Each structure stands twice: as structure tokens, then as C-alpha cells.
Amino acid sequence: MGQPSIDLPSRLLRNLKPWLSASHWRVAFSGGLDSTVLLHILANLAKTESLPALSAIHVHHGLQAVADAWPAHCQAVCDELSVPLQVVRVQVQPGASLERAARDARYAAFTAATQAKDVLLTGQHRDDQAETLLFRLLRGAGVRGLSGMPVTRALGQGSLVRPLLDITRAELEAYAREHGLHWVEDPSNQDWQFSRNYLRHQVMPLLTGRWPQAHASMARSAAHLREAQGLLDELAKIDLAQASMPGEFEWPGLPSLEFAAIAGLSDARQRNALSHWLEPLTRLPDTDHWSGWADLRDAGNDASPIWRLADGALHRSAGRLWWLSGQWLRTPVVSGDWHEPSLALRLPDNGRVMFSGQTPAGPLQIRYRRGGEVMYLAERGHRDLKRLLNERAVPGFVRGRLPLLFRGEELLAVANLPGLDGNALQGWRLHWQPSDEDQGLR
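Residues numbered from 1 in each chain as written. Predicted model: local features only at pLDDT ≥ 70, side-chain atom pairs only at ≥ 80, totals over all residues. Heavy atoms only, no water.

Participant: Could you clarify how one ought to interpret the sheet that holds strand β8 (residues 306-309) in this entry?
Facilitator: Two modes of strand pairing occur in sheets, parallel and antiparallel, and in both the strands are linked by backbone hydrogen bonds. If you trace the four strands from one edge of the open sheet to the other, you get β7-β10-β9-β8, paired in antiparallel fashion. Two strands close off the open sheet at either side, each with one partner strand: β7 (256-258) and β8. Each neighbouring strand pair of the sheet contributes to a mean axis angle of 15 degrees, computed without reference to strand direction. Relative to strand β10 (residues 320-324), strand β9 (residues 312-317) runs antiparallel, the two sharing five bridges. Of the residues in β10, the one forming a bridge with R316 is L321. On top of the sheet, helix α12 (residues 291-298) reaches β8, β9 and β10; it is set at about 20 degrees to β9, its chief contact. (Pairing = 2+ DSSP bridges. Helix = DSSP H or I, 4+ residues; strand = E, 2+ residues; numbered from the N terminus. Axes fitted to C-alpha atoms, helices over the stretch in contact; angles between N-to-C directions. Contact = heavy atoms within 4.5 Å.)

Rendered as C-alpha cells:
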């Protein structure tokens, strides 16, 4: 069983030492065993230790009738412990996995509640870690997935911390019995149609019957894999540093990498570097869908290949890899005449344009490229716009979004492209701010 339950407060306080300077500790309080013990220990420690402000948050999913009584139970527990409670009611979106949909709704509520320097504390313990490893192993996860649940990660503007990962469920039960605690039991935890419940009730008892230290051994394996993932992350940072040199087209504000620096790595290092780079931008693809990267990488130099992912798309153009999401995936529409050129003009799904210096005489209009446009250059005469864009190696995905300034049928300027963006003699230039959206940061 490990150490006596009487040691849990000191062990918990030791585990939470790195977060003692937080402004707020908020316990994710389901009313179940794990979070009940966690909240009880912290509320008692707060009487003798200098801890951050303590509160609890209960997320009510509304998925089963019995759960309607849980907010009142949680409120009673918090009242007894003199801990403020916030109850958040969420709508669970229907989908293939009810477990995942409920988790997504729950963590969306946690994220919204977590402010700067806040810490959200959750009650996952060592047995949960072992189940997570086994569950992900059966799904074919890689090193990152098999490293299990981290002790801490970013959440909202603060952090999520799991301070019980080195404590067993048996130790939590012993503490609860010792202190006469009461908790709710979720009936869905007995439903074996959910994979984790099947593993907990059917598989793990068989494993621990044969190997009593299975939970501890599996949690230790997860720790080894977390260390291995840390080394892979260090390697990814080294490789990405070589690929992150600024290119000519920094002004769109898009995440990008030098293609040759990534393509020159071994296949495994390519996937490792790109996984590290893409992780904050999108949900990562499974093993089968990495064929999309190979297709993009191996396409001819005259192609403009695209790898579509869950939350955006990776483009290869002008010698770089570009991450596009949000407005960049929507086709912009012309907004009409520019009646007040002294003011910035907002472009639907395409940021805004403005002049520096004088404004040219009107009437003026912003359009987008359709093909066949011709522009007059004082030193070169009339030139096809396509040729001018080719000369400047403008990325393909930018070309259809570049604001073109027309007066009647005369193309006066192409925003942001030196030599094409204005008239030096008349003293004006056309500037485009493509978007102020976050580029897919989740």
C-alpha cells in the first residue's frame, strides 16, 4: 500500500512546493474520492501553512439524472471546509466519443476560469497514470502519448498541476476512511462500454493479480518515456533553430520554416521537428496521416502542395513551409470602393489596407487577382502582374489575397511589394496588414 495515509499532507505539500508563489489554487472538484481527498488535505493545510488562496470548481455536464445532486453535495463539502465553490454548467457536444466530448467541455470551463498565475489542481493519481499508459499503448501511441499525464502543463493563462501522481488510489481510500470523508460515485464509472472503465475493472485486476506492482511499474515506465520525450523535444529545438531563420516574407506574420532545413533531416527527425512545431498550432495527425507530409515534401518544385490538418493547413511555397489557419483559409471578397482613402480600409476576411504619405486621386478600389492583370512601371513599361509576382517569388497562397489598388481599370499598386506598392514621385505607398488573428494557437 505504500506510506501510511497520515503522510499524505506532507507528501502533497512537497509536491506542490514549486507552485507556492501562485496567486490562486483552484481544485477541480468532481465530488469523487480523488478530488475530495485533495480538497480536504489542502483545506486543512491552509490552516497551518502559508498557501495561495484556495477555492474549488465543479463542472456539471448534465449527462445523467443522478449528477443533478452533485453540485449540492460539493457545495456542502466546501461549506464544511470553508472553501469557496464555483459551479459551471456546460453543454456537451454530441460526437463519436462521449468521454472525449465531456472532457473537452470540462477543460474548456477550466481554461476559462484559470487566470494569470492561477493553478488548477486535479486529482489524477498513480493508478490513473498506469491506466493511461495501457490505454494509449493499445491505441498505438508514440513516445509522447506513452509518457502519460505530465505533472504540469499550461492551462489558460495559468497552469494545470496533478499533485497526486505518485499516490495510489488505495492510499487515498485509506485517508478518506481515516477522516470519515464522503464522496459521490459516478455510475458511469461502472459502464464497461467505456474503454478506461473496461481496463480498470477487467484488465488491471488480472494484471495486478499476477504482477502486484503493475501500477508502480507502469507509472515508472511512463516516467522513463517522459524523459525520452524530453530528449526528443531538445533535438526538435536544435533542428527547428536551423529552420527558423527569417525569410523575405515575414510581414504576413505567419509561422513558417525553411523547407530545405527540414527536408534535409532524416525522416524520423523531420517528423519529430514538425510534431514539436505543430503541437501548439493544431491537433497532431496519427501515424497514417503523416503520409500527407511525405506527399508535400516530395512534390515537384513547380508545385504548391498542401497538407490539410485538423485545425489548419501546411503549405509549401517560395522555399518555405507555412502554417495557415483562420482567415487565411477563407477566400476574401472585394469590399467595394475606397471612399475615404485617408482612413484604413477593412477588408472582409483579409485584414486592412492603408496609405502612407499622400493619397492618390480617386476613385479608388481594392480588388484581388483574377488573372491577366497588367501594371505599368515607369522604367519597364507594361508588365504582366503574374511575371512581377514570379520575379519576387511571392508565395502562392499570398497571391490571391494581395490587395490590388485600382483606379478605374488601371492597376496602381500591389500592397507590400517593394517597387510595386506605390508611387515614389507622388509620395505614397500602400500597406497591407493581413490579419490580427492568432494563427491557430490552441
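Participant: Explanation requested: the nonpolar core in the structure shown.
Facilitator: The tendency in soluble globular proteins is for nonpolar side chains to be buried side by side. Ranked by size, the top nonpolar core spans 35 residues in total, and within it W338, L405 and L430 carry the most contacts. Top contributing element to this core by residue count: strand β18 (residues 410-414), with four residues. With near-sequence residues (within four places) excluded, L405 lies in contact with W338, F355, P360, L364, Q365, I366, E410, L411, L412, A413, W428 and L430. Core analysis: the second largest hydrophobic core is formed by 34 residues, W25, L45, V77 and L172 among them. (Core = buried A, V, L, I, M, F, W, Y, C linked by side-chain atoms within 4.5 Å. Buried < 20%, exposed > 50% of the residue type's maximum accessible area, 1.4 Å probe, protein only.)

Participant: Would you mind showing me how to read unusual backbone geometry here?
Facilitator: Leaving glycine aside, a negative phi is the common case for residues, and trans is the common case for peptide bonds. Not every positive phi belongs to a glycine, and K117 is a case in point at roughly 65 degrees. Structurally, the position occupied by K117 is in the loop between α4 (98-113) and β4 (118-121). Among the residues examined, K117 registers a relative accessible area of 56% and is labelled exposed.

Participant: Help me out: how do you make sense of the packing of aromatic side chains in this one?
Facilitator: Given two aromatic rings, one states the distance between the centres and the angle between the planes to describe the pair. The tally for this structure, following the rule as stated, stands at nine aromatic pairs. Judged by centre distance (5.6 Å) and plane angle (65 degrees), the rings of W251 and W432 are edge-to-face. Of this pair, W251 sits in the loop between α9 (214-243) and β7 while W432 sits in strand β20 (residues 428-433), placing them 181 residues apart in sequence. By relative accessible area, W251 is classed as partly exposed at 27%. Judged by its relative accessible area of 4%, W432 falls in the buried class. Between F355 and W428, the ring centres sit 5.6 Å apart and the planes meet at 85 degrees, which makes this aromatic pair edge-to-face. Of this pair, F355 sits in strand β13 (residues 352-357) while W428 sits in strand β20, placing them 73 residues apart in sequence. (Phe/Tyr/Trp six-rings, centres within 6.5 Å; stacked < 30°, edge-to-face > 60°.)

Participant: In this structure, what is going on with the pairing of strand β5 (residues 152-155)? I would like to understand it.
Facilitator: The pairing of β5 with strand β6 (residues 158-161) spans four bridges and is antiparallel. Residue pairing across strands places T152 opposite V161, the latter belonging to β6. Turn length for the β5-β6 hairpin, with the two strands adjacent in sequence and antiparallel, is two residues, and the turn residue G156 shows positive phi of about 55 degrees.

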